[in-house]
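# Structural characterization, general
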Amino acid sequence: MSGDGAFDVVIVGGGVVGCAIARRLSFTTARVAVVEAAHDVGEGASKGNTGIATCGADCTPGTLEAELVTRSAPGWEALCASLDTPWERIGTLCVALTEDDEAALGHLVEQARANGCEAELVSGDRARELEPLVTGSARAAVHIPADGIVDSLRLTIGYAELAARNGVRFFLSSPVTGFEVDGERVTAVHTATGTISAGFVVNAAGVGAGQVSALAGGEPFRCWPRQGQYWLLDRELGGRFRKVVGGVPNERTRGIYCVPTTNRSLLLGPTADDREDPDDRAVSRDVLEHVLEAARRLVPAIRREHAIKTFAANRPASDTTYRLEADGWRPNLIHAAGIRSTGVSGSPAIAEQVHELLAEAGAPVLDEHPRALAALEPLPRLLHHPRPEELFAADRRYGQVVCACEQVTAAEIAGAFAMALPPRSVDGLRKRTRATGGRCQGAVCLAGVSFLCSLHTATAPWLLAQSEPTATLGVGPADA
Amino acid sequence: MPDTVVVVGAGLTGLACAASLPGRIRPVVVDRIPVPGGVHGWDTDETRSAEAAARSRGAILHLGETATRWDGEELLVMGQDGVRRIPARALVVAAGSRPLGRAELGLAGPRPAGILAATVACHLSETGLLAGRRPAVVGGGDWAARAVAELLHAGAEHIQVVTPDGVLRRFPESPALTVRTATPVAVEGGPRVSALRLQGGERVECDALVLAHGLVPLRNVDGAVWEGARTVYAQPADDPATVSAARQAGAAAAAEVEQMLDAA
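Residues numbered from 1 in each chain as written. Chains lettered and ligands numbered in written order. Predicted model: local features only at pLDDT ≥ 70, side-chain atom pairs only at ≥ 80, totals over all residues.

## Some thoughts on the overall build of chain A
Within chain A, the regular secondary structure consists of 14 helices and 23 strands. Its C-alpha radius of gyration of 22 Å places chain A within 12% of the 23 Å reference for a compact globule of 480 residues. Seen through its C-alpha atoms, chain A measures out along the principal axes to roughly 65 × 60 × 45 Å. Within chain A, buried positions represent 59% of all 480 residues. Counted over contacts in chain A with a minimum sequence separation of 6, partners at least 24 positions apart contribute 71%. (Helix = DSSP H or I, 4+ residues; strand = E, 2+ residues; numbered from the N terminus. Rg over C-alpha atoms; globule rule 2.2 N^0.38 Å. Buried ≥ 20, exposed ≤ 12 C-beta atoms within 10 Å, placed from the backbone. Contact = placed C-beta atoms within 7 Å.)

## Structural notes on the sheet that holds strand E15 (residues 193-198) of chain B
Residue and element names in this part refer to chain B. What the 3 strands build is an open sheet, ordered E14-E15-E16; its pairing is antiparallel. Single-partner strands in this sheet number two, and they are strand E14 (184-189) and strand E16 (203-205). Strand-to-strand, the axes of this sheet are offset by a mean angle of 25°, without reference to chain direction. Sheet topology places E14 next to E15; 5 bridges connect them, and they run antiparallel. Its bridge partner lying in E15, Pro184 is registered against Leu198. (Pairing = 2+ DSSP bridges. Axes fitted to C-alpha atoms, helices over the stretch in contact; angles between N-to-C directions.)

## What about the interface of chain A and chain B?
Chain A puts 45 residues into the contact, and the matching count from chain B is 43 residues. Within the residue set of the side of chain A that touches chain B, elements represented by two or more residues are strand E18 (307-318), helix H11 (388-394), helix H14 (446-457) and strand E23 (476-477) of chain A. No other element matches E18 of chain A, which puts 5 residues into the side of chain A that touches chain B. Of the residues belonging to the side of chain A that touches chain B, the class tally is 23 nonpolar, 13 polar and 9 charged. (Nonpolar A, V, L, I, M, F, W, Y, C, P; charged D, E, K, R; others polar.)

## Side note on the pairing of strand E15 (residues 257-260) of chain A
Residue and element names in this part refer to chain A. Side chains of E15 alternate between two faces, with Tyr257 and Val259 and Cys258 and Pro260 buried alike. When strand E14 (residues 244-246) meets E15, the two strands line up antiparallel, connected through 2 bridges. The residue bridging Val245 from the neighbouring strand is Cys258, located in E15. In this structure, the hairpin formed by E15 and strand E16 (residues 266-269) is closed by a connection of 5 residues, where Arg264 is found at a positive phi of approximately 80°.

## What to know about helix H5 (residues 142-154) of chain B
Residue and element names in this part refer to chain B. For H5, which comprises 13 residues, the first-to-last C-alpha distance of 18 Å matches the rise-based estimate of 18 Å (1.5 Å per residue) to within 8%. Here H5 lies mainly inside the structure; 10 of its 13 residues are buried. By the burial criterion, the buried members of H5 are Asp142, Trp143, Ala144, Ala145, Arg146, Ala147, Val148, Glu150, Leu151 and Ala154. As for H5, its buried residues are in contact with helix H4 (118-126), strand E10 (129-130), strand E11 (136-138), strand E12 (159-163), strand E13 (177-181) and strand E17 (209-211). Positive phi shows up at Gly155, right after H5, with a value of about 120°. (Expected span 1.5 Å × (residues − 1).)

## Some thoughts on the domain arrangement of chain A
Along its sequence, chain A is organised into domain 1 (6-47 + 153-222 + 319-360), domain 2 (92-145 + 226-314) and domain 3 (388-463). Placing the centre of domain 2 of chain A and that of domain 3 of chain A at their C-alpha centroids yields a distance of 31 Å. (Domains from an automatic or database assignment.)

## What to know about the sheet that holds strand E6 (residues 82-87) of chain B
All names here are of chain B. The 3 strands are arranged E4-E5-E6 in an open sheet whose pairing can be described as antiparallel. Each of the sheet's edge strands pairs with one partner strand only, and the pair in question is strand E4 (65-70) and E6. Looking at each pair of strands side by side, their axes are set apart by 25° on average, direction ignored. Sheet topology note: the E4/strand E5 (residues 74-79) ladder contains 5 bridges and is antiparallel. Each bridged residue has a counterpart across the sheet, and for Trp70 the counterpart in E5 is Leu75.

## Brief notes about the environment of Gly183 of chain A
Here Gly183 of chain A is to be found in the loop between strand E10 (176-182) and strand E11 (185-191). Separated by 39 residues in the primary sequence, Gly183 of chain A and Ile144 of chain A have C-alpha atoms spaced 50 Å apart.

## Some thoughts on the domain arrangement of chain B
Domain assignment breaks chain B into domain 1 (3-96 + 218-263) and domain 2 (102-211). Distance between the C-alpha centres of domain 1 of chain B and domain 2 of chain B: 32 Å.

## Brief notes about the packing of helix H12 (residues 410-417) of chain A against helix H13 (residues 426-433) of chain A
Residues and elements named next belong to chain A. Where H12 meets H13, the closest approach of the two axes is 10 Å, and the angle between their N-to-C directions is 110°. On the basis of the axis angle, H12 is roughly perpendicular to H13. The interaxial crossing formed by H12 with H13 has right-handed handedness. Contacts between H12 and H13 involve Glu412, Ile413 and Ala416 on the former and, on the latter, Leu429, Arg432 and Thr433. Partitioned by chemical class, the residues of the contact of H12 with H13 number 3 nonpolar, 1 polar and 2 charged. (Parallel < 35°, antiparallel > 145°, perpendicular 65-115°, else oblique. Left-handed = near helix turned anticlockwise from the far one by under 90°.)

## Focus on H4 of chain B
Counting buried residues in H4 of chain B gives 8 out of 9 residues, a clear majority hidden from the surface. Packing partners of the buried residues in H4 of chain B comprise H14 of chain A together with strand E8 (97-98), strand E9 (115-117), E10, H5 and E17 of chain B. Just downstream of H4 of chain B, Gly128 of chain B is the residue with a positive phi angle, here 105°.

## Details of the environment of Gly228 of chain B
Residue and element names in this part refer to chain B. Positionally, Gly228 belongs in the loop between strand E18 (216-217) and strand E19 (231-233). A count of 19 C-beta atoms within 10 Å places Gly228 in the partly exposed class. For the pair formed by Gly228 and Gly72, sequence separation is 156 residues and the distance between their alpha carbons is 7.3 Å. Those residues in contact with Gly228, other than ones at most four positions away along the chain, are Trp70 and Gly223.

## Thoughts on the pairing of E4 of chain B
Of all 6 residues in E4 of chain B, 6 are buried, a share of seventy percent or more. The hairpin formed by E4 of chain B and E5 of chain B contains 3 residues between the paired strands, and Gly72 of chain B there has a positive phi angle of roughly 95°.

## Considering the packing of H4 of chain B against H5 of chain B
Residues and elements named next belong to chain B. For the pair H4 and H5, interaxial distance at closest approach is 9 Å and the crossing angle is 30°. In terms of orientation, H4 lies roughly parallel with respect to H5. Remark: the crossing between H4 and H5 carries left-handed chirality. For the pair H4 and H5, contact is made by Ala118, Ala121, Cys122, Ser125 and Glu126 and by Trp143, Ala144, Arg146, Ala147, Glu150, Leu151, His153 and Ala154, respectively.

Here it is as structure tokens:
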């Protein structure tokens, strides 16, 4: 990494929070870098979440989380349009199935109103009018119309791509190993791939944020993984959903949700189990059965046969939430840590807040970048496109459907590889295009998709990474 | 102008369906692969005669084109020559089947690389990639047998076959093959798969895992996945269909289409 020069701000962590900050800073003249341990951005909690962009109705009133999530909410349509990210404001129904649930609905409405969010207490019948898939045994519900759904993979990648196009440097596969310190200030970041000098450091390392602070000699705090397990269900069911359907949140968790995704699949989850190992992403049968049962209590039409994938992801739990502040011991280290489960929902305002904190700490982030792009050029997708003839007229490769389930074409795959932050694995391509992510999970297209990846990256197919570089597709060439 | 019925899938089943439709119907067959025959292969006598029978019935074949959406009246097809919208009275889905995926098998554990559907393992092996030197294969049916043959041919040194239901078909004779009946419950490993865990706790060490058990019909056309308006499914449950089962399924689907159109 020698010769890469010095950076005014180095952001540690390329998740949704780090990338949102990178985008915000890319509108300024500051020289900015992102260092990320994984081979791609959005590899932690940012790729395993419900995709709900909550308006903040169920946040605890008066907290920084509530303030930043509600501040983010009105801007989603414009932001996602600028990041070529699918988004829909479809609303949530929190459904009461028991007497206790029903008694808690009043509190939910009060909480929503205290946060300035619209929330309406409705009867079970009205809930089924709003979402006919809701169980007949629903006693009542709270409707939160301003909640949205977002493709959180594309959001993270959109933030990062716009930042990269505006000159932010991304150092991937570069886990932080230590810091250079002069007096009380951090002066450089050591990573597995080199050392970068830094005027200011932003700690957006998610589950690893406590460790990053410790390495920098900052204040001690603890972060640990809270695992969530999920089911992904078919578009033929997800496409019938009009609302996010959840239960009634309690103090510890928001519970199991049925979340239609922006490409019409359906997500069920998450669970909440504290773990030790941030890389532990194993699913277990018992936990998944519990998720399925909880979801079926809300929506009886859900069947096991609809399942196309199960997965687990770790979101950061921590001893303090929303730690957005300059470190007490290292004044040029700004924490954006402890973003427990609203990283996606709060990311726009978190980025603004971190920008302000950097400015207060004296970082050169106040001059506007005169030629910064405000928006990405959209890459049109065939799936659900109203006029495929126009796509084909613009680029004949739209005629070549590579992933049949998700209807991903050769044009979209070429578009992904032409990005400033192109995919470096089959998984990276899936995150950008959904190729191999549909109901057959690549059983039909993985070979074809991997050959296209090989062509675009000039990599032998058996060396092609499914995710991290050593997670190769094969073990070698076949015998001739 | 006769009524059109579109058949998705130019395998033996789809071609047999096209050949069996009544004379007042114009059959159109669409397949994403540029040759007919499906899993049976294009260079076979059965495929040639099935294609000839369909063509002599007046069938039009659009090969190398992908059916994407069906709304009950029109099928949207994407191809390298452009977009085709085919108005039709009915859609027949004869798109074949695939083995169960990881979630469908209920396999717990992490998500390491090297876990491949048998369809993919065969395709990769045919095109020069060695999926694993010591792979495990889940399943004992035709997909498993095909995958084993392809893996051995590509250079696998030892293959452990785990068949959940004891079904075994046409495995090649090879000292490099171990077969057992057991229920797989979880995978282990990272960044590549390192073992398959069986019910009872036993581990099968492996450097790749090929999923070849069971069969799920392939349904890739939006609007024709489970129910679907004016849609008939010609996807027999055999593993994969024998030539005669394919012909029977095609003829049965053609009869079902006729009934449906008569009722309309």
